[in-house]
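# Structural description and commentary
Spelled out from the first residue to the last, the chains are:
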Amino acid sequence: MNYFPDEVMEHVFDFVTSNLDRNAISLVCKSWYRIERFSRRRVFIGNCYAISPERLIARFPGVKSLTLKGKPHFADFNLVPHDWGGFVYPWIEALARSRVNLEELRLKRMLVTDDGLELISRSFVNFKSLVLVSCEGFTTDGLAAIAANCRFLRELDLQENEVDDHRGQWLNCFPESCTSLVSLNFACLKGDINSAALERLVARSPNLKSLRLSRAVPLDTLQKILVRAPQLVDLGVGSFSHDPDSETYNKLLTTIEKCKSMRSLSGFLEVAAYCLPAIHPICSSLTSLNLSYAPGIPGSELTKLIRRCRKLQRLWILDCIGDKGLGVVASSCRELQELRVFPSDPYGVGNAAVTEEGLVAISRGCPKLNSLLYFCQQMTNAALKIVAQNCPNFIRFRLCTLDPVKPDSSTNQPLDEGFGAIVQSCKGLRRLSLSGLLTDQVFNYIGMFAEQLEMLSIAFAGNSDKGMLYVLNGCKKIRKLEIRDSPFGNIALLRDVGKYETMRSLWMSSCDVTLGGCKTLAKKMPRLNVEIINEIDEMEACNDDGQKVEKMYLYRTLVGPRKDAPNYVWTL
Amino acid sequence: MGSGGGSYEKDLNLEATELRLGLPGTTSSTAATDQEPEARQARNNKRSLVDRCEEEASEDASRALQKDHDSAPSSKAQIVGWPPIRSYRKNSLQTKKAETETSSSGIYVKVSMDGAPYLRKIDLNVYKGYSNLLKALENMFKFTIGEYSEREGYKGSEFAPTYEDKDGDWMLMGDVPWEMFMTSCKKLRIMRGSEARGLGCAV
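Below is a short write-up of the structure. (Residues numbered from 1 in each chain as written. Chains lettered and ligands numbered in written order. Predicted model: local features only at pLDDT ≥ 70, side-chain atom pairs only at ≥ 80, totals over all residues. Heavy atoms only, no water.)

## Looking at unusual backbone geometry
Quick note on the threshold: Secondary structure counts use DSSP, requiring at least four H or I residues in a row for a helix and at least two E residues in a row for a strand, with both numbered from the N terminus. Exposure classes here rest on a 1.4 Å probe applied to the protein chains alone. A residue is buried below 20% of its type maximum, exposed above 50%, and partly exposed in between.
Residues W82 of chain B and P83 of chain B are joined by a peptide bond in cis, for which omega reads -5°. The residue P83 of chain B is located in the loop between β2 (78-79) and α4 (87-102) in this model. Positive phi values are uncommon outside glycine, yet R99 of chain A reaches one of about 55°. Tracing the sequence through the fold places R99 of chain A in the loop between α5 (89-97) and β3 (104-108). Since its relative accessible area comes to 74%, R99 of chain A is described here as exposed. Here the phi dihedral of S510 of chain A falls at roughly 55°; this positive angle occurs in a residue that is not glycine. For S510 of chain A, the position within the fold is in the loop between β20 (505-509) and α20 (515-524). Note on S510 of chain A: relative accessible area 6%, which makes it buried.

## Looking at the side chain of D157 of chain A
Residue and element names in this part refer to chain A. Which entries qualify depends on this criterion: Think of it this way: Lys and Arg go in the positive column, Asp and Glu in the negative one, and His and the chain ends go nowhere. By definition, a salt bridge exists where a carboxyl oxygen of Asp or Glu is found within 4 Å of a side-chain nitrogen of Lys or Arg. Within 3.5 Å is the distance limit for a polar contact, defined as a pair of N or O atoms, with the added protein rule that one can donate a hydrogen and the other accept it, and that residues adjacent in sequence qualify only through two side-chain atoms.
In this fold, D157 is placed in strand β6 (residues 155-159). In this structure D157 is buried but unpaired, with R106 as the nearest side chain of opposite charge at 6.2 Å. At a separation of 3.0 Å, a polar atom in the side chain of D157 contacts the side chain of Q159.

## Here's the deal with the pairing of strand β4 (residues 129-133) of chain A
Residue and element names in this part refer to chain A. Note the threshold: Seen with the strands pointing away from the viewer, any crossover whose path from the first strand over the helix to the second strand runs clockwise is right-handed. Two strands qualify as a pair provided that DSSP identifies no fewer than 2 bridges between them.
The buried count for β4 comes to five of five residues, which makes it a mostly enclosed element. Where burial is concerned, the two faces of β4 agree: the one with S129, V131 and V133 and the one with L130 and L132 are both buried. With helix α6 (residues 114-123) bridging β3 and the parallel β4, this β-α-β connection has right-handed handedness. Where β4 meets β6, five bridges bridge the pair, whose relative direction is parallel. The residue bridging S129 from the neighbouring strand is E155, located in β6.

## A closer look at the packing of aromatic side chains
Each pair of aromatic rings is reported with the distance of its centres and the angle of its planes. All names here are of chain A. The following threshold applies: Aromatic rings from Phe, Tyr and Trp, with only the six-membered ring used for Trp, were paired whenever their centres fell within 6.5 Å, and each pair was classed as stacked if the ring planes differed by under 30 degrees, edge-to-face if by over 60, and tilted otherwise.
Counted by the stated rule, this structure contains 25 aromatic pairs over all chains. Seen from their ring centres, F13 and W32 are 5.2 Å apart, and the 70° between their planes marks the pair as edge-to-face. Remark: W32 occurs in helix α3 (residues 30-39) and F13 occurs in helix α1 (residues 6-14); sequence separation between them is 19 residues. Across this residue pair, the class does not change: F13 and W32 are buried.

## Observations concerning the sheet that holds strand β8 (residues 170-172) of chain B
All names here are of chain B. The following threshold applies: Fitting a line to C-alpha atoms yields each axis, with helices limited to the stretch in contact; the angle taken between N-to-C directions then spans 0 to 180 degrees.
Across the sheet, which stays open at both edges, the five strands sit in the order β4-β3-β9-β7-β8 with mixed pairing between neighbours. Of all strands in the sheet, those with a lone pairing partner are β4 (120-123) and β8, marking the two edges. On average, adjacent strands in this sheet sit at an angle of 35° to one another, irrespective of strand direction. Here strand β3 (residues 108-113) runs beside strand β9 (residues 187-192); their pairing, made up of four bridges, is parallel.

## With respect to the side chain of S210 of chain A
Residues and elements named next belong to chain A. In plain terms, the rule: Here a residue-residue contact requires only that any non-hydrogen atoms of the pair lie within 4.5 Å.
Assignment of secondary structure puts S210 in strand β9 (residues 210-212). Judged by relative accessible area, which is 13%, S210 ranks as buried. Polar contacts involving the side chain of S210 include one to the side chain of D234, which spans 2.8 Å. With residues up to four places along the chain from it excluded, the contact list for S210 reads V182, S183, L184, L232 and D234.

Structure follows, in structure tokens:
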């Protein structure tokens, strides 16, 4: 089959970067499989328990960039105990032992330790990039090790991690010789920062394009940093609160005007609204704005800002912007592709929140919208139908009514028809999260129309097993299904057990599946790990097959039951 | 656990499909279909719902059907993991709330209303902004304030909310950003009648 030498094939394969395509290439024939596997540089492992580090290294010894995901998605919402699993240390250890030339490690929802970070820093000479998202278990000591030992570090990106801040001088640990930083994000750190060390670091990093500061970095430090780094493309502001009559503030005004490359702004973890005009000069070139962590900016100030951001493609905001504010977004940001509206008062009275009106306005003004996360006080079928009509390009559609079973607020009907319209209109929909009062009918629509759907999140929805069956039968491409507090039981679970091998994982909590049902499933499908999380009665429930299961997480795997599960997690 | 056969198109039978937090019979449901509500209730008890008070929770469920929330439910039953936002984000919202609540021990200012027999005192920290504060003042003194415009002040009523700033001048509320107002306000006075009109008027 091969008319060309291996090197030529490899060169050709270099142009194929998507992992899906590479996987397809490796299935063509044995020699392509061999060539591809030695030339694969980036590996993505969506579930760290689906495969072992040894097998990864055996197949892809030349891997340079590894992405790993640990805990199931619902761990984000406190539904999974902290020590459930997702330990990254064994992976680092195995990679180090096999002398893999690791350059990049991207982790999501994993347990990372200082030892692990230190091991990375000492084992991989060319290590360049560390991205940690929603991880925990480490402290600033681990960061100090990375800073000190990774001589060619380009990227240190910490997103929403729970980090124990030892108030050490980890920023000082970057040696004077470290000049390679391109991206530094420590916004999630809570402790004090050595401003002088930070300024010096920025001063010697001419390639720095992205910098996201923590709350502890005051406005005057920000000003000094921006003087050194006017080339920044992405800035996360820490504290933005100062006397507007002061010299510092005036200096900041001039400095910001020089930041002509700025395209993305975020942070404002502490902000005085009257300081916001300082960023007006750069608004017109911004493509991404994240104010979802900025507390207490009144809607009127937000709109003053957003009105100027006519090139915005991505906007993350708090719901205190209100429906009227969203109307301003709709009329100002015609290029908007992604919108996320977060609740500013999740358990509160809801006089802040947004309603269906805001969403409809957005759909009218922003036809390019393809990704939505919307926390709202109420929704209607009529509104969803209008949105479906105006925005057929949705790839991600996640709607969350603050009351999880709230019906259509004008007709008191379930929201089945509204979501039905969305799946019917948005033929490219890959991710969907539902909320509000929903019956089996919405799942019928989803099964019928959501052909590209890969991830579905269900909460407090449906009437019977039929609902879940519609999804399992209809959605051919579904990979991740997560369900909570819905009346789906063994009948749905067991109807088509082979389906789960085509999926990454299934989560069901507070549903009607019983221990017996899960045992049956586990028995039939040896290549699935069926895990039961039972924190309350550890010993008791083991015997009663009729008992409903509190939390079940199942996933396909090539390496059998994991050995690191805590004692309240049973693999059946 | 079917939901009553294929008669979906005919009667929606919302009662049977609604997931309620309250006990069966505490809401206005008439025909509680068979064992479903009970079964669901039994399941509710086993779940990880943290009900503060079941009666209040069922009240919330029926109130949820109303369009307008005029009075806030006093305690909402908090469901674990709902709304689905990351703990990191939730924690940062809570720290901010806590901070604003404890940051200063209260900015107490006197409030006088022309014609009222005695003054009141309020804590400016409690309020989120001008509209929040003005509503509270309207409630406290039983009056209505007009609509604010930069040009004409408060139109539509004989009242004007004013404050004395650090320089001793009487200023109309609403012109400067809220935080600036909070730090510069020494006392409030609700003017009425011709004096009030004189302050905001262009004439």
